[in-house]
Amino acid sequence: MNFSKYLRFAVVGACALAACKGGPPTATKPGKYSSTTGIEYNTEEGMKVSDYKGIPDGPGLVFIEGGRTVLGSAEEDIAMTHDNLERTVTLASFYMDEAEVANIHWLEYLHYVRKDSSEEFYQSALPDTTVWARELSFNDPYVDYYLRYPGFRYFPVVGVSWLQANDYCTWRTAKVNERLAGESDEGDSGSSKGGGLFGKKKNKGGDAAEGTSEGGGGTKIAIENGNTLPNYRLPTEAEWEYAAQALIGTQETGNENQENKRIYPWDGRQVRNPYGKNMGQFLANFKRGRGDYAGIAGSLNDGAMITEYIYNYPPNDYGLYNMSGNVNEWVQDIYRPLSYEDVEDLNPFRRNGFLDPSEKYDKKGYQSLIDDHVRVYKGGSWRDVAYWLSPGTRRFMAEDSATATIGFRCAMINAGSNK
């Protein structure tokens, strides 16, 4: 009896010693046995602990290292809105698309929506190409050709509302995770292929923003497996502004003070490149002045009368293209003029009218445009002057509206990390 008791202690001790030699357990190396009970994992009765090598690579995404920063507009407030005063915040690291979602990406979305979903939803997913039409301009070719003509494949999709952009994020999450689950050795990935992600028209704008995770058939993905990605979603306003600033490019190693500020996503106070063979070239696609969208023939500067190739112009120090100019971009937040006062200083985000209800704004009496269905957009566009290129500027529009100057890009949390 005593011998078996000592033998049992010896076995447990050997297991503990082996664990010590390999170091303490980690998320990627949890060990064979529980470090608190000694019970073996992945047996018939034991807890299932899947292999985990870290968050999979998300197509199109760039890692944005978070940290402390000062958000808010450093430019003169020419609109006198006072709606984005400077304040210190901290943001957790996240991922963001290196470029804007392009026409070819939206056409891919439409392809699968038509194949897998209802005709009603397909019709609701079509961009509004009439945003190009103007009574006193001949923009007719863009109405017919901008979305579908092959030459415009990698130009940013426009004519999409905030609601449509959120639906795209939900679809993209499902399709990417369907592929990842299919590549995984795990047979019980929880992803259901096919079946129609949007068999019925969804309540737009809800799931993607709240962080649920669904497979291709609307089935919940088993998060514990770790072989699928968190949701693609629209970035929060704070994430977008932080990523656009890209102050990591000005930071000296070992210096915990942020001693530099940028007006634009690049150094300096000008919108032209001050260095090298590209000296004098514009760093973004914007409207130079009244009636001047691109310069003169024979010496075109920004070279774009309308939108431009999504990888044109130099990326910022995070590797993100066109965070200023080309198209404005939708972000998650609803608009309130005093969000900078109300939101928290860690991962700030305004998801609804909490602390600032819409009843305070007289929209019915036509004294305000603000309610719980107006969303922030940022970045400036091909039709905006340089003032709007500054990351701290902000505007808003109804979430079901669209224009030829607003597109979007996706973001994603950095799952499994406290940084």
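Higher on the page you've got the structure.
Computed from a predicted model, the values in this text were never measured in an experiment. (Residues numbered from 1 in each chain as written. Predicted model: local features only at pLDDT ≥ 70, side-chain atom pairs only at ≥ 80, totals over all residues. Heavy atoms only, no water.)

**Brief notes about the sheet that holds strand β7 (residues 328-334)**
Inference 1: In spatial order, the strands read β9-β8-β7-β10; together these four strands make up an open sheet with mixed pairing. A strand with exactly one partner marks an edge of an open sheet, and here the two such strands are β9 (395-398) and β10 (406-407).
Inference 2: In this structure, strand β8 (residues 374-378) lies alongside β9, joined through four bridges in antiparallel fashion. Following the sheet pairing, Val376 is matched in β9 by Phe396. (Pairing = 2+ DSSP bridges. Helix = DSSP H or I, 4+ residues; strand = E, 2+ residues; numbered from the N terminus.)

**Details of helix α5 (residues 162-183)**
Inference 1: With 22 residues, α5 extends 32 Å from end C-alpha to end C-alpha; this agrees with the ideal 32 Å at 1.5 Å per step.
Inference 2: Where burial is concerned, most of α5 is hidden: 18 out of the 22 residues are buried. (Expected span 1.5 Å × (residues − 1). Buried < 20%, exposed > 50% of the residue type's maximum accessible area, 1.4 Å probe, protein only.)

**Details of the pattern of salt bridges**
Inference 1: For the structure on display, the rule yields 22 salt bridges.
Inference 2: Ionic pairing is found between Glu119 and Arg114, a salt bridge with its closest N-O pair at 3.7 Å.
Inference 3: Linking Glu237 and Lys378 is a salt bridge whose minimum nitrogen-to-oxygen distance equals 3.3 Å. Taken together, the residues Glu237 in helix α7 (residues 237-245) and Lys378 in strand β8 connect sequence positions 141 residues apart.
Inference 4: Sharing partners across several salt bridges, the network here consists of Asp83, Glu237, Glu241, Lys378 and Arg394. (Salt bridge = Lys/Arg side-chain N within 4 Å of Asp/Glu carboxyl O.)

**Some remarks on the environment of Ser35**
Inference 1: Topologically, Ser35 is positioned in the loop between α1 (2-21) and β1 (61-64).
Inference 2: With eleven residues separating them in the primary sequence, Ser35 and Pro24 have C-alpha atoms 8.9 Å apart.
Inference 3: Beyond its immediate stretch of four places on either side in the chain, Ser35 contacts Pro25 and Tyr41. (Contact = heavy atoms within 4.5 Å.)

**A closer look at the sheet that holds β1**
Inference 1: With respect to topology, three strands assemble into an open sheet ordered β1-β4-β11, the strand pairing being antiparallel. Sheet topology places β1 and β11 (411-413) at the edges, where each strand pairs with a single neighbour. On average, each strand axis in the sheet is inclined to that of its neighbour by 25°, with strand direction left out of account.
Inference 2: Packed on one face of the sheet, α7 meets β1, β4 (94-97) and β11 and runs near 75° to β4. (Axes fitted to C-alpha atoms, helices over the stretch in contact; angles between N-to-C directions.)

No statement about biological role is implied by the geometric values presented.
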